[in-house]
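# Descriptive analysis of the structure
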Amino acid sequence: MTAVADRAAAPQPDPPRPEHSFGSPPAGVSEKDARDVAEAARETEWTKPSFAKELFLGRFRLDLIHPHPRPEPETVAKGEAYLKTLATFVETEVDGERIEREDRIPDETMRRLKELGALGIKIPEEYGGLGLSQVYFNRALIVLGAGHPSLTALISAHQSIGVPQPLKLFGTEEQKKAYLPRLATDAISAFLLTEPDVGSDPARLATTAVPTADGSAYILNGVKLWATNGSVADIVVVMARVPKSDGRRGGITAFIVESDWPGITVERRNSFMGLRGLENSLTRLHDVRVPVENVIGGEGLGLKIALTTLNTGRLSLPAVCVGAVKWCVRMARGWSNSRIQWGRPIGQHEAIAKKIAFMAATSYALEAVLDLSSQLADDGSADIRIEAALAKLYASEMAWLITDDLLQIRGGRGFETAASLRARGERPVPVEQLLRDLRINRIFEGSTEIMHLFVAREAVDAHLSVAGDIIDPQADLKRKARAAGRAGAFYARWLPRLTVGRGQLAGSYSEFGALAKHLRYVERASRKLARSTFYAMARWQGGMERKQAFLARIVDIGAELFAMAASCVRAQMELADNRERGETAYELADIFCRQARQRVDRLFHDLWHNTDPADYRMARRVLDGRYAWQEEGIVDPVDEDLPWISEPEAGPSTSPDLRRHVPPA
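Quantities reported herein were computed from a predicted structural model and do not represent experimental measurements.

### Side note on the layout of surface pockets
- Roughly 670 Å³ of volume is contained in the second largest pocket.
- Forming the boundary of the second largest pocket are 23 residues, of which Glu397, Met398, Leu401, Glu560 and Arg599 lie nearest the centre.
- Elements supplying a minimum of two residues to the lining of the second largest pocket: helix H12 (350–379), helix H13 (385–410), helix H17 (448–459), helix H21 (548–577) and helix H22 (579–608).
- In the lining of the second largest pocket, the residues fall into 10 nonpolar, five polar and eight charged.

### Some words on the packing of H17 against helix H18 (residues 461–471)
- Closest axis-to-axis distance for the H17/H18 pair is 5 Å, and the angle between their directions is 55°. Here H18 runs oblique to H17, going by the angle between their axes. On the side of H17, the interface is formed by Arg457, Glu458 and Ala459, while H18 contributes Asp461, His463 and Leu464.
- When its residues are assigned to classes, the contact of H17 with H18 shows two nonpolar, one polar and three charged.

### Considerations on the packing of aromatic side chains
- Applying the stated criterion to the full structure yields 13 aromatic pairs.
- An angle of 20° between the planes, with centres 5.8 Å apart, marks the rings of Phe490 and Trp494 as stacked. Remark: Trp494 and Phe490 occur in helix H19 (residues 477–494); sequence separation between them is four residues, near one turn of the helix. Assigned by exposure class, Phe490 and Trp494 land together as buried.
- Look at Trp540 and Phe550: their rings are 5.2 Å apart centre to centre, the planes differ by 75°, and that puts the pair in the edge-to-face class. Taken together, the residues Trp540 in helix H20 (residues 516–540) and Phe550 in helix H21 connect sequence positions 10 residues apart.
- Taken together, Phe490, Tyr491, Trp494, Phe534 and Tyr535 form an aromatic cluster joined through their ring pairs.
- The ring of Trp335 carries Arg410 above its face, with NZ or CZ at 4.6 Å from the centroid.
- Here Arg439 stacks its cationic end above the ring of Trp400, 5.4 Å away from the centre of that ring.

### Focus: the packing of H12 against H21
- For the pair H12 and H21, the least separation of the axes is 8 Å and the interaxial angle reads 85°. Between H12 and H21, the angle falls in the class roughly perpendicular. Across from Tyr364, Ala365, Glu367, Ala368, Val369, Asp371, Leu372 and Ser373 in H12, the residues of H21 making contact are Phe562, Ala563, Ala566, Ser567, Arg570, Ala571 and Glu574.
- Broken down by class, the residue content of the contact of H12 with H21 amounts to nine nonpolar, two polar and four charged.

### Quick notes on the pattern of salt bridges
- If you walk through the whole model with that rule in mind, you get 44 salt bridges.
- Ionic pairing is found between Arg70 and Asp577, a salt bridge with its closest N-O pair at 3.0 Å. Of this pair, Arg70 sits in the loop between helix H2 (51–56) and helix H3 (73–93) while Asp577 sits in helix H21, placing them 507 residues apart in sequence.
- Asp405 is paired through a salt bridge with Lys355; the nearest N and O atoms lie 3.5 Å apart. Pair noted here: Asp405 is in helix H13 and Lys355 is in helix H12, with a separation of 50 residues, a long-range link.
- Residue Asp405 is classed as buried on the basis of its relative accessible area, which comes to 13%.
- Through salt bridges with shared partners, a single network forms among Glu80, Arg139, Asp371, Arg570, Glu574 and Arg581.

### A short note on unusual backbone geometry
- Across the junction of His66 and Pro67, the peptide omega takes the value 0°, indicating a cis bond.
- Its identity is not glycine, yet Trp226 carries a phi of approximately 60°, on the positive side.
- With respect to the helices, strands and loops of the structure, Trp226 is situated in strand E3 (residues 217–228).

### Observations regarding a negative patch on the surface
- On the surface, a cluster of negative charge is contributed by Asp636, Asp639, Glu640 and Asp641.
- Residue Asp641 is classed as exposed on the basis of its relative accessible area of 74%.

### So, H3
- Between its terminal C-alpha atoms H3 stretches 30 Å, which fits the 30 Å expected from 21 residues at 1.5 Å a residue.
- When H3 is considered as a whole, its buried residues turn out to be Gly79, Tyr82, Leu83, Leu86, Phe89 and Val90. In an axial view of H3, the angular spread of the buried residues amounts to 120°, which keeps them on one side of the axis. Exposed residues lying more than 90 degrees from the buried face of H3 are Pro73, Glu74, Lys84, Glu91 and Thr92.

### A look at the nonpolar core
- Phe60, Ile155, Leu390, Phe512, Leu561 and Phe592 are the most contacted members of the largest nonpolar core, which totals 122 residues.
- Looking at this core, the element that brings in the most residues is H21, giving 15 residues.
- Those residues within four positions of Phe60 in sequence are excluded, and the remaining contacts are Phe51, Leu55, Tyr509, Leu519, Val522, Glu523, Ser526 and Ala565.
- The next biggest cluster of nonpolar side chains, apart from the first, holds 27 residues, and it includes Val163, Leu183, Val198 and Ile235.

### Considering the confidence of the model for the protein chain
- A residue-level look at the protein chain finds 94% of positions with pLDDT of 70 or above and a mean pLDDT of 92.
- In this model, residues 1–20 is a region of pLDDT below 50 whose contacts with residues beyond four sequence positions or in other chains number 43 contacts.

### Observations concerning the environment of Ala571
- Among the secondary structure elements, Ala571 is positioned in helix H21.
- When its relative accessible area of 0% is taken as the criterion, Ala571 is described as buried.
- With 10 residues separating them along the chain, Ala571 and Arg581 place their C-alpha atoms 9.1 Å apart.
- Leaving out residues up to four positions away in the same chain, Ala571 has contacts with Tyr364, Leu515, Gly582, Ala585, Tyr586 and Ala589.

Procedures and definitions
- Residues numbered from 1 in each chain as written.
- Predicted model: local features only at pLDDT ≥ 70, side-chain atom pairs only at ≥ 80, totals over all residues.
- Heavy atoms only, no water.
- 1 Å grid on protein atoms, 1.4 Å probe; cavity = no way out; pocket = protein on both sides within 12 Å on 5 of 7 lines; lining within 4 Å.
- Points joined across faces, edges and corners; volume = space filled by probe spheres on them.
- Helix = DSSP H or I, 4+ residues; strand = E, 2+ residues; numbered from the N terminus.
- Nonpolar A, V, L, I, M, F, W, Y, C, P; charged D, E, K, R; others polar.
- Axes fitted to C-alpha atoms, helices over the stretch in contact; angles between N-to-C directions.
- Parallel < 35°, antiparallel > 145°, perpendicular 65-115°, else oblique.
- Contact = heavy atoms within 4.5 Å.
- Phe/Tyr/Trp six-rings, centres within 6.5 Å; stacked < 30°, edge-to-face > 60°.
- Buried < 20%, exposed > 50% of the residue type's maximum accessible area, 1.4 Å probe, protein only.
- Lys NZ or Arg CZ within 6 Å of the ring centre and 35° of its normal.
- Salt bridge = Lys/Arg side-chain N within 4 Å of Asp/Glu carboxyl O.
- Patch = residues over 30% accessible without salt bridge, like charges linked within 9 Å, V, L, I, M, F, W, Y side chains within 5 Å.
- Areas by Shrake-Rupley, 256 points an atom, 1.4 Å probe, with all protein chains shown as cover.
- Lys, Arg positive; Asp, Glu negative; His and termini not counted.
- Charge placed at Lys NZ, Arg CZ, Asp CG, Glu CD.
- Expected span 1.5 Å × (residues − 1).
- Arc of directions from axis to C-beta.
- Core = buried A, V, L, I, M, F, W, Y, C linked by side-chain atoms within 4.5 Å.
- pLDDT = per-residue confidence, 0-100.

Set out below in structure tokens:
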């Protein structure tokens, strides 16, 4: 037990009962309550510039990303040296087929990861870590993913959303000294937020943290679901609700909790369709005593800490996706040159060639988005909350399409397991495994649907800041009048600037050569995107938050434009570094931009020409059972006696503790 935690040892009187029993969300949580909780957790200030934010406002600030930011030479040298060490480990010591077969990372592999410092890649050297940059952390994840995706999940969850990142950002110096050296070398961490009935709606959080009578500790009670690393974690971050009281802010709070403290039980290790080897738990906390010194940041700041942590933490998932799609392109190239059909390699048939072109060009764009966002994060010069969210959203969706295309190109062999292929004497290409493993990335750390809403909210922040009170039903006449004045002044300056721009001038961005026309398109489309958002706000006003299909298209347009700009800027940088490679990078960026422009044009069309209202009415009728007769004739093997969502009973655990103790380094 650490010095920070040992003050919790003395017994204390029973704490007062929480305002709601654990296992049930707070009573009377309305839609407004949920929205208010989410709003309170947002970062409301924009103290640093954001390329993506400006893009959604119709301002194409190329100067924020061009010239492409670069790491310092010593950062590169240190990062490249570690990647070589890690690659040797993956090539010589990691048995991915064994992990897949046994559904767990072997103890010796976990021990070697610790010895190689993989737990501390991003932890500063002063606390015992390697102190590598976000860019090289991403590249380390790509290397580990070549061994098995569960390795990336282990290291990513530990450092991106586990204890180290919130401690680095919000921890006290005492907390950092007590925990970061352990987390850098030996202790695995996890993040416990989700509950059986709580996903992206934290207002329903049921886990409680009740202060003791003397104020020296909190008593935690609750059940946490889907905690990645939870079944092997030594130290965890737990999000729990502190009841409000006189002189106490209360609210959702982040706690550092040691997994071997009394009252913590890993009741299940969850199993999934992919990511075999993932250590994911259902964990119960019953009367777990946590000292006040283990609160991160302060009471009520838990969600803000989580969201801030995810600003860079989300970049781990696009890194995993980039590694996967680069591998997909390699497999498609090799197979499409070897497989002969109708007298020619299948890659020479247009139906397959179009898929290969999409895969190669999009792979380049995804890496451009990832590296640009990560380097901006390393520089600390920009607010990347939107960039990171777009990277996660775009990479997870595109990687899924690319992997599905690879399976289609491979045909029956894509559906066949690697073990079966090997048994027949063929190259064991695990496409079906990759498809299973990648699918979760559209859900992990914010589903695609939640990412659409998150980015949309940030993208319209400037509008709500000046005009939000006009459409707020709770705002009085004075607030509405002041908002009308602010809005009039803002839009009088802003709207005229959306009519003309550099994108209409034939010579603009000429330094980009053949790519200049694409940057001109991005500039024009950015202004059109901003105008479309304004028209929608004027049309739907307060009802716009329910136009989720429209908002999703707005965000998808922004993601495509961001990827186009990132690709062009990266290609220009590579041309400056190496002309031969730069010319091929130009070709990739050019084809990607051509493809992206077609997608953007379709999305713009669909903003105003769609079946959204009819689809919504139809869905309501389906939910009401109007078409239940259509479901007749099937045999449903699912046990209908069990609930859709289990509600755990309060009290101590009645299950054995399934936590796996990984041997120390």
